[in-house]
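A look at the structure
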Amino acid sequence: MSGEKKIITLAELQEHDTAKSLWIAINNHVYDITKFLDEHPGGEEVLLDQAGQRATEAFEDVGHSNEARELMKDYHIGELAKDDHEGGYEPYDPDEEGSSNLSTALSWFIPAAICIGIFAVAIYRMMSN
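Residues numbered from 1 in each chain as written. Predicted model: local features only at pLDDT ≥ 70, side-chain atom pairs only at ≥ 80, totals over all residues. Heavy atoms only, no water.

Quick look at the pairing of strand 4 (residues 29–32) now. Strand direction decides the pairing type here: strand 3 (residues 21–26) and strand 4, joined by four bridges, are antiparallel. Residue I26 lies in a different strand from strand 4, and its bridge partner there is H29. The pairing of strand 4 with strand 5 (residues 76–80) spans three bridges and is classified as antiparallel. Counterpart to V30 in the pairing with strand 5 is G78. (Pairing = 2+ DSSP bridges. Helix = DSSP H or I, 4+ residues; strand = E, 2+ residues; numbered from the N terminus.)

Shown next as structure tokens:
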């Protein structure tokens, strides 16, 4: 989406809750996924269940791939109005290159690397005694 982002109220979002016009909000970003219904790997029913709603929890619970998150950019039409924002979720900016993916990778990689290092030192000490 180029230029100024459209601000969409929750009431406006809720008007788009059918297969002919299907909008959802994820992390306070609004997507028109009407044309994606037939292509969704999980089937159109799961999208229709979330039609016209804030769908962050459902989206994040599934654990969508990086490719799915990249594809979202094609359907991004605006931002949910601040008064209608959904709290409690880490914001995902579809226009920001890979920042969300990097922080997610680092959040598990660093602790895993530390654990492997500690395990390797323990094994080494046991073997040298």
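Text resumes after the structure shown.
This brings us to the pairing of strand 5. Looking down a regular strand, the side chains alternate between one sheet face and the other. Across the five residues that make up strand 5, a large majority, four, are buried. Direction of pairing for strand 1 (residues 6–8) relative to strand 5: parallel, over a ladder of three bridges. Bridging from a neighbouring strand, I7 pairs with E79 of strand 5. (Buried < 20%, exposed > 50% of the residue type's maximum accessible area, 1.4 Å probe, protein only.)

This part takes up the environment of L48. Secondary-structure assignment places L48 in helix 2 (residues 44–50). When its relative accessible area of 31% is taken as the criterion, L48 is described as partly exposed. Sequence-distant contacts of L48, that is, excluding residues within four places in its chain, are made with T18, A19, L22 and L37. (Contact = heavy atoms within 4.5 Å.)

Our focus in this paragraph is the packing of aromatic side chains. Scanning all chains against the criterion turns up one aromatic pair. A centroid spacing of 5.4 Å and a plane angle of 50 degrees characterise the contact between F36 and Y75, whose relative ring orientation is tilted. Of the two residues, F36 sits in the loop between strand 4 and helix 2 while Y75 sits in the loop between helix 4 (66–72) and strand 5, which places them 39 residues apart along the sequence. (Phe/Tyr/Trp six-rings, centres within 6.5 Å; stacked < 30°, edge-to-face > 60°.)

If you look at the biggest cluster of nonpolar residues, it comprises 13 residues, and the most contacted ones within it are L22, I24, I26, Y31, I33 and L47. A total of three residues in this core trace back to one element, the largest contributor, which is strand 3. The residues contacting I26, other than those within four sequence positions of it, are Y31, A55, T56, F59 and M72. In terms of nonpolar packing, the next biggest core, distinct from the first, is built from seven residues, L13, A25, V30 and L80 among them. (Core = buried A, V, L, I, M, F, W, Y, C linked by side-chain atoms within 4.5 Å.)

What follows covers the pattern of salt bridges. Under the defined criterion, the tally for this structure stands at three salt bridges. Between R69 and E60 there is a salt bridge, and its shortest N-O distance comes to 2.7 Å. Given the relative accessible area of 30%, E60 is considered partly exposed. Measuring nitrogen to oxygen at the nearest pair gives 3.3 Å for the salt bridge that ties E70 to K73. Given the relative accessible area of 18%, K73 is considered buried. (Salt bridge = Lys/Arg side-chain N within 4 Å of Asp/Glu carboxyl O.)

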